[in-house]
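In case you want the letters, here they are:
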Amino acid sequence: MIPTEFVRVIVSERSLLMTSVAYVEQQLQHVLESRANELARETGCIVRQRKFDGATLVQTLLFGFQQHEHASLEQLASMAQVRAVSVTDTAVDKRFNQECAQFLHAVLQEMSSVVVQAAQAVPLKLLKRFSAVICEDSSTITLPDELAELWQGCGGTQAHTAAAVKVHTRWDLTRGRLWGPRLTAGRSADRRSPLNAEPVAVGSLYLADLGYFSLPRIVARREAGGYTLTRLQARTALFTRQGEAICLDLELPKQVGQLKELEVLVGARKLHPMRLLMLRVPKAVGDQRRKDLLEDAKRRGKPVSEEMLRLADWTILVTDVPAELLRFEEALVLLRERWQMELLYKLWKQQAQVDEWHSRDRWRVLCELYAKPLAVTLQHWLMVLFAWHDPQRSLVKLAQVVRDTGWTLMEALIGFRSLRCAMRLIRRRMQSGCQMNKRRKHPNSAQLVEAQAVEWA
């Protein structure tokens, strides 16, 4: 006989899942149907409806580029047939104009504001100590120079840097939620992220690289009930808890592998209590860091300070998480997780090819630039909904399932099948063969977090 409590757990989990599925179905109907039609009229993309309306157009491009990252006009016209819209490739081509680009950008902003997260946190003890473990990063996409008036580039020594867009994203590793993708001009600094205004969840932990280091925001985050774990920015003022200035060089550990921790006050004006964590790394690691710093400085056309090159021999962190909640070694494990953002952008670029197009027409380029992030946002919703509970999930394999089956949602949105039926199909496909391979020699991220393994880098 099955225990009553066990049955209650199963029923509860199913109830949470059904609630989440219903929510996503509702948001799909709202954003890709009713709201899309409204935005098409507001942007002037659809003035007089003939064959395309806003919903049909955005879904044709979203699912078309989702299934074929370099979809031809013929393939897009074929995708429109899923909604029983018969158009020629020439008719599709004529839709790539300024108004269509504005429309797709508006839909992207609408879709990126929707909150989709897993009902249950990923079952990794280190992550579950926090209400959320949030990573933030950006990625720059170079555009044709003709688009510099719309998206100003960041300059540098590389060719074709007059126009670029910067994609900003936050990602909660505990429940999978995305903030973004949000777009800014390529020259905008990470510290001016459009996500800075997002509210802070009590008990959350924020991870980001040095481009996001801002002591005022660290202080504001702690006052709101959140925590920060970050590398220390060079030349940041440090004081003892008694207010005496700290000479960092005198405190750095001398032996490779040596850990050292100090209670400090950070900042020259508003002294913020934090823990200073220092680790001496092997020479090979330090040399590689210096090489990366120099290459990045050359690419940006900006110098790198001698202090940054010298401090590459140490991992130096600051955090306001109490020691009883996060030990030094655990902080090193979590710091490595910020690289999950690199893997997410790699997935978007290599598989969805959000940074590539086969056209010289600037409006088609912009339409692809906005349609492909729409596709990867929907892709992420489905991953979170059906696979986030498995720490060994493979984003690459799950993305392939979405590319193979995503068009069924387009069919369901017009009523040729139920959305619930399409969702069940995608869920079944994600339940088999979408796990990462466990490795002994080079463990994957979930294995390292579960084992709380520390790496030098």
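Calculation criteria
- Residues numbered from 1 in each chain as written.
- Predicted model: local features only at pLDDT ≥ 70, side-chain atom pairs only at ≥ 80, totals over all residues.
- Heavy atoms only, no water.
- Core = buried A, V, L, I, M, F, W, Y, C linked by side-chain atoms within 4.5 Å.
- Buried < 20%, exposed > 50% of the residue type's maximum accessible area, 1.4 Å probe, protein only.
- Contact = heavy atoms within 4.5 Å.
- Helix = DSSP H or I, 4+ residues; strand = E, 2+ residues; numbered from the N terminus.
- Expected span 1.5 Å × (residues − 1).
- Polar contact = N/O pair within 3.5 Å; in protein donor to acceptor, adjacent residues only side chain to side chain.
- Salt bridge = Lys/Arg side-chain N within 4 Å of Asp/Glu carboxyl O.
- Axes fitted to C-alpha atoms, helices over the stretch in contact; angles between N-to-C directions.
- Left-handed = near helix turned anticlockwise from the far one by under 90°.
- Nonpolar A, V, L, I, M, F, W, Y, C, P; charged D, E, K, R; others polar.
- Phe/Tyr/Trp six-rings, centres within 6.5 Å; stacked < 30°, edge-to-face > 60°.
- Lys NZ or Arg CZ within 6 Å of the ring centre and 35° of its normal.
- Pairing = 2+ DSSP bridges.
- Arc of directions from axis to C-beta.

Draft legend 1. Just the nonpolar core, in detail. Residues Leu-28, Phe-103, Leu-104 and Leu-409 are the most contacted members of the largest nonpolar core, which totals 116 residues. For Leu-28, the contacting residues outside a window of four places in its chain are Glu-33, Leu-378, Trp-381, Leu-409, Leu-413, Leu-419 and Met-423. One finds Phe-213, Val-266, Met-278 and Trp-314 within the second-largest nonpolar core, a separate group that totals 18 residues.

Draft legend 2. Summary view of helix H13 (residues 362-387). With 26 residues, H13 extends 37 Å from end C-alpha to end C-alpha; this agrees with the ideal 38 Å at 1.5 Å per step. Where H13 begins, the capping side chain belongs to Asp-361, and its oxygen is found 3.1 Å from the backbone nitrogen of Trp-363.

Draft legend 3. Expanded view of the side chain of Thr-377. Here Thr-377 shows up in helix H13. Among the residues examined, Thr-377 registers a relative accessible area of 2% and is labelled buried. Once residues within four sequence positions are removed from consideration, Thr-377 is found in contact with Leu-108, Met-111 and Pro-181.

Draft legend 4. Geometry of the pattern of salt bridges. Under the counting rule described, the total for this entry stands at 24 salt bridges. Between Asp-404 and Arg-429 there is a salt bridge, with the nearest N and O atoms lying 3.5 Å from each other. Separated by 25 residues along the polypeptide, Asp-404 in helix H14 (residues 395-405) and Arg-429 in helix H16 (residues 419-430) bring together distant segments of the chain. Its relative accessible area of 34% is what places Asp-404 among the partly exposed residues. Residue Arg-429 is classed as partly exposed on the basis of its relative accessible area, which comes to 36%. If you follow the salt bridges from partner to partner, you end up with Arg-35, Glu-38, Glu-42 and Glu-110 in one network.

Draft legend 5. Spatial organisation of the packing of H14 against H16. Remark: H14 packs on H16, axes separated minimally by 10 Å, with the N-to-C direction vectors making an angle of 145°. Note on packing geometry: the crossing formed by H14 with H16 is right-handed. Only Ile-426, Arg-429 and Met-430 of H16 make contact with H14, whose side of the interface consists of Leu-398, Val-401, Val-402, Asp-404 and Thr-405. Along the lines of polarity and charge, the residues of the contact of H14 with H16 split into 5 nonpolar, 1 polar and 2 charged.

Draft legend 6. Local environment of the packing of aromatic side chains. Under the criterion given, the structure shown has 3 aromatic pairs. Relative to Trp-348, the ring of Tyr-345 lies with its centre 5.6 Å away and its plane at 85°, an arrangement referred to as edge-to-face. Note that Tyr-345 and Trp-348 are positioned in helix H12 (residues 340-350) at a spacing of 3 residues, about one turn of the helix. Of the two residues examined, Tyr-345 and Trp-348, each falls in the buried class. The positively charged end of Arg-393 is found above the aromatic ring belonging to Trp-388, 3.5 Å away from the centroid.

Draft legend 7. The sheet that holds strand S7 (residues 259-266), seen in detail. On the basis of which strands lie adjacent, the open sheet formed by 9 strands has the order S3-S2-S1-S4-S5-S9-S8-S7-S6 and mixed pairing. Only two strands of the sheet have a single neighbouring strand rather than two, namely strand S3 (178-185) and strand S6 (238-240). Averaged over all pairs of adjacent strands, the angle between their axes in this sheet comes to 30°, without regard to strand direction.

Draft legend 8. Region of interest: unusual backbone geometry. Cis geometry is found at the peptide bond from Gly-180 to Pro-181, where omega equals 5°. Its location among the elements puts Pro-181 in strand S3. One non-glycine residue with positive phi stands out, namely Ala-84, at about 60°. Looking at where Ala-84 falls in the secondary structure, it is placed in the loop between helix H3 (73-80) and helix H4 (89-94).

Draft legend 9. Representation of helix H9 (residues 283-300). Taking 1.5 Å as the rise per residue, H9 with 18 residues should run 26 Å; its terminal C-alpha atoms sit 26 Å apart, in good agreement. Taken together, the buried positions of H9 are occupied by Val-285, Gly-286, Arg-289, Arg-290 and Ala-297. Around the axis of H9, the buried residues are gathered within 135° of arc, so they sit on the same side. Residues of H9 that are exposed and point over 90 degrees away from its buried face: Ala-284 and Lys-298.

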